[in-house]
Amino acid sequence: MKISSPWHTCLSGSAFLALFLAVSTSLSQAQDPRHKPAEPEWAHAAWMNKSLTADERADLVLKELTLDEKIDLLHGEGMPGWGKPKPNAYLGNGGAGFVLGVPRLGIPFIQMSDAAYGVRSSAENGRYSTALPSNVGAAASWDPQAACDYGALIGRELRAQGYNMTLGGGVNITREPRNGRTFEYQGEDPILAGTLVGNRIKCEQAQHVIGDIKHYAVNDQESGRNDVDSIIDKRSLQESDLLAFDIGIRIGDPQAVMCSYNAINGDYACENKYTLTDVLRKQWGFKGFVLSDWGGTHSTVKASEAGLDNEEPEDNFYGNTFKKAVQDGKISQAELNEHVHRILRAEFAAGLVDNPIRKSVVDVLGGLDTAQRIEESSIVLLKNSNHLLPLDKAGLKSIAIIGDHADMGMISGGGSAQVDPPGQPSAGWQAHVWFPTSPLKNVIAKAPTAKVQFASGSDVAAAAALARASDVAIVFVQQWTSEGMDLASLSLPDNQDALIGAVAAANPKTIVVLETGTAVTMPWVDRVGAIAEAWYSGSRGAEAVANVLFGDVNPSGKLPMTFPKSEADLPHPIVVQPPPGAQGASPVMHDGGAKPKFSVTYREGLKVGYKWYDAEKKPVLFPFGFGLSYTTYGYSDLQVTPGATPSVSFKVTNAGSKDGVEIAEVYASLPASAQEPPKRLIGFSRVSLAAGESKTVSIAIDPEYLSIFDVTADKWKLVAGSYTFLVGGSSQDLPLSKIVSIN
Ligand code: BGC
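The notes below deal with the structure included here.

### Structural notes on the overall build of the protein
Logical step 1: Broken down by element type, the protein carries 19 helices and 27 strands.
Logical step 2: Structurally, the protein occupies a C-alpha span of about 80 × 60 × 55 Å along its principal axes.
Logical step 3: Per-residue burial over the protein gives 64% buried out of 743 residues.
Logical step 4: Relative to all contacts within the protein whose residues are 6 or more apart in sequence, the contacts with residues 24 or more apart total 77%.
Logical step 5: When the accessible surface of the protein is totalled, it reaches about 25900 Å², and 52% of it is carbon and sulfur.
Logical step 6: Across the protein, the mean location of the 65 positive side-chain charges is 2 Å away from that of the 82 negative side-chain charges.

Next comes the structure, spelled out in structure tokens:
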């Protein structure tokens, strides 16, 4: 059904009233008391009974629906800027897409917005959104509570802006660090990534927005993303890429999963029966709905049978073509009803029906505080020779601030994740966008008696001269990344390596602050005094960085991904490129018989991230789980209690003179017969410790985290034998170990 403008409709009076009420409810919720609407008929319908389950309520609605209403739920109504506007475009909320709902029965529209690190499209819609630190940045906090705060903030801002579904929740693990979307994901370890994305989704969805997890699955590079077939063996798939989704879904219970553009082992992800039905629905018991990535639907009958419930953003396969397939008996009523049930169920389960959208003003100041707090726990101190940091506020006479835009802002990640900064129009797709959070101003505020001078670095000699004349030099460097592209290398672009080299040669008290979306190589690592990874730091990045540099915040972040020495050490020394004509940088629609045009074979299999470097014995620049503090921590007294849920306990001591937070990490080496990489992360905890304080930490280990996926039995199994439990402050600094036999 196409809903024409209510002012030109020939609907009957009561149908019009119900429709108008529901549309206005799902859109602006303008609450003008002069026009207080009469209670709609559906207000007392059986499915409005909150004591029924979401499944029961969905079934009651399903029985009332016409075929056209069912089909309406299976597809989007277009996206601003995506092809020609669709007839119902005026009913959208300015987001990435929307689904009509069933106004006459009180089932609201689903208004979706991208929201990776904040709500997208603020500029075009005249709204405001907080930019949180990038997802991989926030993952460096290893903090489920921070992930929850992150999700809750985005959920609130979505609702305030008139949306009731997020398209955030990216959790593709970092198999390929040059992937341009690495900043949107949660790093290279499935247990860390899944735990964090799950907590984000749980708290985001608690705000009554449908939560989403994406891009399901193995969308691990952007190059040729619409045409690439990701080839990977089943065990590796289950134990790495899929495990992150499994954990995220278990913790967060998202009501939606977005299938990805790429194919997996021959079948496109949005028509892949193995991932969508065998794993997602049957193995994991997922009850929500699957929507395609934008333009990622390739067929009707095949996709429907495989388990795709909703096509976005248009109706090329899930509109009239779907209806005809039902009428012709190619798709059964039961299959159609299953899709519809899942979508309706999601609306009930996430609280959309019971909590209609009511637009409000975004809590700007609260958002800024949250963004800063998360960034402060996400900055990773990578190097600090001779205690160069923290800087002495009163003692320093002169400070050089060097780097492109370091006087006015800090960079952010591009593509559909892009959040618009305040005071500016939309910069457009893949623009380089700096948030107005000024490193220069914040350093001046911290050291008011010092002479603080700025050089952009475009003139390397001038920057070096300024550094030479200053007590310390702080160089802010950037690596911009985005959806729709991969990096050719992990080197800093735009001559910034040479800039750092020249500045460090002029003044060894050089501090490098990295604003990056992924790992970078550092040919100058031995020549600088200190290095802090600030990631894409969000709306209050510079405030957080200044707090860390001057010691008002003791750094606690740890790397959620390995920083390799060189691209030559990666499992794939170069990113596999699509053949000519299959660039795939923007979504392409196929005719239903779609076949991927090239493939990437993930031969490294289970060996993702640190598991690769461990197994291949390759030294790295900075290991997974690494990060320094202004204090030091000691570990002792490891106990392991095997059992149905093994438990690990140990003591952590703050051995220095500053309060701090230590991220304690627990790894396990499985019995040799399991044929696994040398070790895997199985638990972690952020431990807050005053100077001199000790605490005993106990971590219950999910037995699946010690298991392997048995392909023949098609399930997880615990291998009997000797397990070595390792505990410490980084994947390469594990002072405690204990061997325990598990049968
Ligand atoms: C991206 C998705 C995004 C969608 C809608 C696609 O290009 O891959 O992550 O949610 O667009 O903007």
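### Looking at the sheet that holds strand 9 (residues 289–292)
Logical step 1: Spatially, three strands are ordered 4-6-9 in an open sheet, and the strand pairing comes out parallel. Of all the strands in the sheet, just strand 4 (212–216) and strand 9 have a single pairing partner and so form its edges. On average, each strand axis in the sheet is inclined to that of its neighbour by 25°, with strand direction left out of account.
Logical step 2: In the packing of helix 10 (residues 273–283) onto the sheet, the strands contacted are strand 4, strand 6 (256–259) and strand 9, and the crossing angle to strand 4 comes to about 135°.

### Brief notes about the state of the cysteines
Logical step 1: Counting across every chain of the model gives two disulfides.
Logical step 2: Note that C148 is cross-linked by a disulfide to C203, the S-S spacing being 2.0 Å. Between C148 and C203, the disulfide has an S-S torsion of -95° and is therefore left-handed. A residue pair is termed long-range when its members are at least 10 positions apart, and C148 in helix 6 (residues 144–160) and C203 in helix 7 (residues 190–205) qualify at 55 residues. With respect to class, C148 is no different from C203; both count as buried.
Logical step 3: Put simply, C259 and C270 are joined by a disulfide, and their sulfur atoms are 2.1 Å apart. Taking the sign of the torsion about the S-S bond as the criterion, the disulfide between C259 and C270, at about 110°, is right-handed. Of this pair, C259 sits in strand 6 while C270 sits in the loop between strand 8 (267–268) and helix 10, and the two are 11 residues apart along the sequence.

### Here's the deal with the nonpolar core
The nonpolar side chains of a soluble globular protein tend to be buried, and buried together.
Logical step 1: With 78 residues, the main nonpolar core has L65, M165, I210, Y216, L291, W294 and L344 as its most contacted residues.
Logical step 2: In terms of residue count, helix 13 (residues 333–349) provides more of this core than any other element does, six residues in total.
Logical step 3: The contacts of I210, once residues within four sequence positions are left out, are I110, N164, M165, T166, Q205, Q255, A256, F289, A346, E347, A350 and L352.
Logical step 4: Core analysis: the next-biggest nonpolar cluster, separate from the first, contains 65 residues, V119, I374, V520 and V525 among them.

### Considering the packing of helix 15 (residues 439–446) against helix 18 (residues 541–549)
Logical step 1: Between helix 15 and helix 18, whose axes approach to 9 Å, the crossing angle comes to 40°. Classed by the angle they form, the pair helix 15 and helix 18 counts as oblique. For helix 15 against helix 18, the interelement crossing comes out right-handed. Taken together, the residues of helix 18 that come into contact with helix 15 (itself represented by P439, N442 and K446) are A542, E543, A546 and N547.

### Focus on the pattern of salt bridges
Logical step 1: On inspection of all chains with the given rule, the structure shows 43 salt bridges.
Logical step 2: Residue K323 is joined to D68 by a salt bridge in which the shortest nitrogen-to-oxygen separation is 2.8 Å. Note that K323 is positioned in helix 12 (residues 320–327) and D68 in helix 3 (residues 67–72), a separation of 255 residues in sequence.
Logical step 3: The closest approach of N and O atoms between R250 and D246, which form a salt bridge, is 3.1 Å. Here R250 and its partner D246 are both found in helix 9 (residues 241–252), four residues apart, which amounts to about one turn of the helix.
Logical step 4: On the accessibility criterion, R250 (41% relative accessible area) is partly exposed.
Logical step 5: By relative accessible area, D246 is classed as buried at 8%.
Logical step 6: In the salt-bridge network here, residues are joined through shared partners; they are R181, E184, E222, R225 and E483.

Parameters and conventions
- Residues numbered from 1 in each chain as written.
- Predicted model: local features only at pLDDT ≥ 70, side-chain atom pairs only at ≥ 80, totals over all residues.
- Heavy atoms only, no water.
- Helix = DSSP H or I, 4+ residues; strand = E, 2+ residues; numbered from the N terminus.
- Buried < 20%, exposed > 50% of the residue type's maximum accessible area, 1.4 Å probe, protein only.
- Contact = heavy atoms within 4.5 Å.
- Areas by Shrake-Rupley, 256 points an atom, 1.4 Å probe, with all protein chains shown as cover.
- Lys, Arg positive; Asp, Glu negative; His and termini not counted.
- Charge placed at Lys NZ, Arg CZ, Asp CG, Glu CD.
- Pairing = 2+ DSSP bridges.
- Axes fitted to C-alpha atoms, helices over the stretch in contact; angles between N-to-C directions.
- Disulfide = S-S within 2.5 Å.
- Core = buried A, V, L, I, M, F, W, Y, C linked by side-chain atoms within 4.5 Å.
- Parallel < 35°, antiparallel > 145°, perpendicular 65-115°, else oblique.
- Left-handed = near helix turned anticlockwise from the far one by under 90°.
- Salt bridge = Lys/Arg side-chain N within 4 Å of Asp/Glu carboxyl O.

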